[in-house]
Amino acid sequence: MDLNVIQGSEAQYPAADINIVIDVIRAFTVSHVAFLRGAREIFLVNTVEEAFQLKDRNASYLLAGEVAGLPIAGFDLDNSPYTFSQADIANKTLVQKTTNGVKATLLALNANTTLVTGLSNAKKTALHVRQIATHMPQCRVNIIASHATDDDDLACAEYIADLMLDQHVITLAGVQSRIRTSRPAEKFFDLQQPAFNEKDMAFCTQEVNCDFVMQVDKNLALPRIIKRMTHSNHS
């Protein structure tokens, strides 16, 4: 495998067979919670306007996301995994707009396979890609930390690379500590910023055992995240 760890969401990424896009705090932790709670699919949009246009055409869709980390007026849900853990979203179609994770994913659609994850599904994603790569002698993989300069997504990216290469150098506990002490996490522990719920950090730093990865389906007019079931004991 040819692994390339990249930070940022401002430019299209190098050609690869597989792109893994990471947003720990909080977009793809939210997506993972949504699927664990039975969401059907998650459409990805770059702008608030696109989200509202989709809702106008499909009244049952639920809009979710943030601008500068804060809830968007008129959206059904924010970007909080804790909120999603309490929401009735079974069999619902969601529309997600976020500052980093969604933006990075929409720039990462040039690979044959594009996957998204936070820490909660990182191990499952890494082992799934490692299994795919065993059938591809020259598999090129971009592991994309969507926060350009912060350590939360980078820690997760390095953890995924470690798992894919079977190196056993980076520990889950170490990654969890780096996420909790990263700059994006600070506001969740700041009592002067009540818009950010400390409960979100428990979701962003846990590893969840599940039977699926989150893959971007590019076959429709808009890209959407769907559950891809994994069946191997090793993925």
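Overview of the structure.

How each quantity is defined
- Residues numbered from 1 in each chain as written.
- Predicted model: local features only at pLDDT ≥ 70, side-chain atom pairs only at ≥ 80, totals over all residues.
- Heavy atoms only, no water.
- Helix = DSSP H or I, 4+ residues; strand = E, 2+ residues; numbered from the N terminus.
- Rg over C-alpha atoms; globule rule 2.2 N^0.38 Å.
- Buried < 20%, exposed > 50% of the residue type's maximum accessible area, 1.4 Å probe, protein only.
- Contact = heavy atoms within 4.5 Å.
- Lys, Arg positive; Asp, Glu negative; His and termini not counted.
- Charge placed at Lys NZ, Arg CZ, Asp CG, Glu CD.
- Salt bridge = Lys/Arg side-chain N within 4 Å of Asp/Glu carboxyl O.
- Pairing = 2+ DSSP bridges.
- Axes fitted to C-alpha atoms, helices over the stretch in contact; angles between N-to-C directions.
- Phe/Tyr/Trp six-rings, centres within 6.5 Å; stacked < 30°, edge-to-face > 60°.
- Lys NZ or Arg CZ within 6 Å of the ring centre and 35° of its normal.
- Expected span 1.5 Å × (residues − 1).
- Parallel < 35°, antiparallel > 145°, perpendicular 65-115°, else oblique.
- Left-handed = near helix turned anticlockwise from the far one by under 90°.

As a further point, take the overall build of the protein. Within the protein one finds nine helices and nine strands. Since a compact globule built from 235 residues should have a radius of gyration of about 18 Å, the 16 Å found for the protein is in line with a globular shape. If you line up the protein on its principal axes, its C-alpha atoms span 50 × 40 × 35 Å. For the protein, the proportion of its 235 residues judged to be buried stands at 54%. Counting only contacts in the protein whose residues sit at least 6 apart along the sequence, the fraction spanning at least 24 positions is 76%. Here the protein holds 21 positive side-chain charges and 26 negative ones, and the gap between their average locations is 5 Å.

It is worth spelling out the pairing of strand β8 (residues 212-217) at this point. Counted residue by residue, β8 has six buried out of six residues, so it is predominantly covered. Neither face of β8 is exposed, since Phe212, Met214 and Val216 on one face and Val213, Gln215 and Asp217 on the opposite face are all buried.

Here the focus is the pattern of salt bridges. Inspection of the entire model under this criterion finds ten salt bridges. Arg140 is the salt-bridge partner of Asp17, the closest N and O atoms lying 3.6 Å from each other. Taken as a pair, Asp17 in the loop between β1 (2-7) and β2 (18-22) and Arg140 in strand β7 (residues 140-145) lie far apart in primary sequence, 123 residues in all. Looking at Arg140, the relative accessible area reads 36%, which means it is partly exposed. Here Asp150 ties to Arg183 by a salt bridge, and the two come within 2.7 Å at their closest N and O atoms. Of this pair, Asp150 sits in the loop between β7 and α6 (151-165) while Arg183 sits in helix α8 (residues 183-186), and the two are 33 residues apart along the sequence. Judged by relative accessible area, which is 8%, Asp150 ranks as buried. Relative accessible area serves as the criterion here: at 53%, Arg183 is assigned to the exposed category.

Here the focus is the sheet that holds β8. Spatially, the nine strands line up as an open sheet ordered β1-β7-β2-β6-β8-β9-β3-β5-β4, and their pairing is mixed. Each of the sheet's edge strands pairs with one partner strand only, and the pair in question is β1 and β4 (62-65). Shown here is a sheet whose adjacent strand axes are inclined to one another by a mean of 30°, direction ignored. As paired strands, β2 and strand β6 (residues 113-117) are joined by five bridges and run parallel to one another. Its bridge partner being in β6, Ile20 is matched across the sheet by Leu115. Of the strands in this sheet, β1, β2, β6 and β7 are in contact with α6, which crosses β7 at around 155°.

Taken as a whole and judged by the stated rule, the model has four aromatic pairs. Note on Phe52 and Phe75: the rings are 5.4 Å apart at their centroids and 85° apart in plane angle, and the pair reads as edge-to-face. Of this pair, Phe52 sits in helix α2 (residues 48-57) while Phe75 sits in the loop between β4 and α3 (81-86), and the two are 23 residues apart along the sequence. Taking the relative accessible area as the measure of exposure, Phe52 reaches 28% and is therefore partly exposed. Under the relative-accessibility criterion, Phe75 is labelled buried at 11%. On the basis of an interplanar angle of 75° and a centroid distance of 5.3 Å, the ring pair of Phe188 and Phe196 is categorised as edge-to-face. We note that Phe188, like Phe196, is buried. Sitting over the face of the ring of Phe196, Lys187 holds its NZ or CZ atom 5.3 Å from the ring centroid.

Because an α-helix packs 3.6 residues into every turn, residues spaced three or four apart end up facing the same way. Taking 1.5 Å per residue, twelve residues should reach 16 Å; helix α5 (residues 122-133) reaches 16 Å between its end C-alpha atoms and fits that length. Looking at α5, one finds that the buried residues are Ala122, Lys124, Thr125, Ala126, Leu127, His128, Val129 and Ala133. Check the buried side of α5 and you find it contacts β2, β6, β7, α6, β8 and β9 (224-229).

Interaxial distance between α5 and α6 falls to 9 Å at its minimum, and their mutual angle equals 40°. Of the possible angle classes, the one that applies to α5 and α6 is oblique. Seen along the crossing, α5 lies across α6 with a hand that is right-handed. The residues of α6 that touch α5, namely those facing Ala122, Lys123, Ala126, Leu127, Val129 and Arg130, are Cys156, Tyr159, Ile160, Leu163 and Met164.

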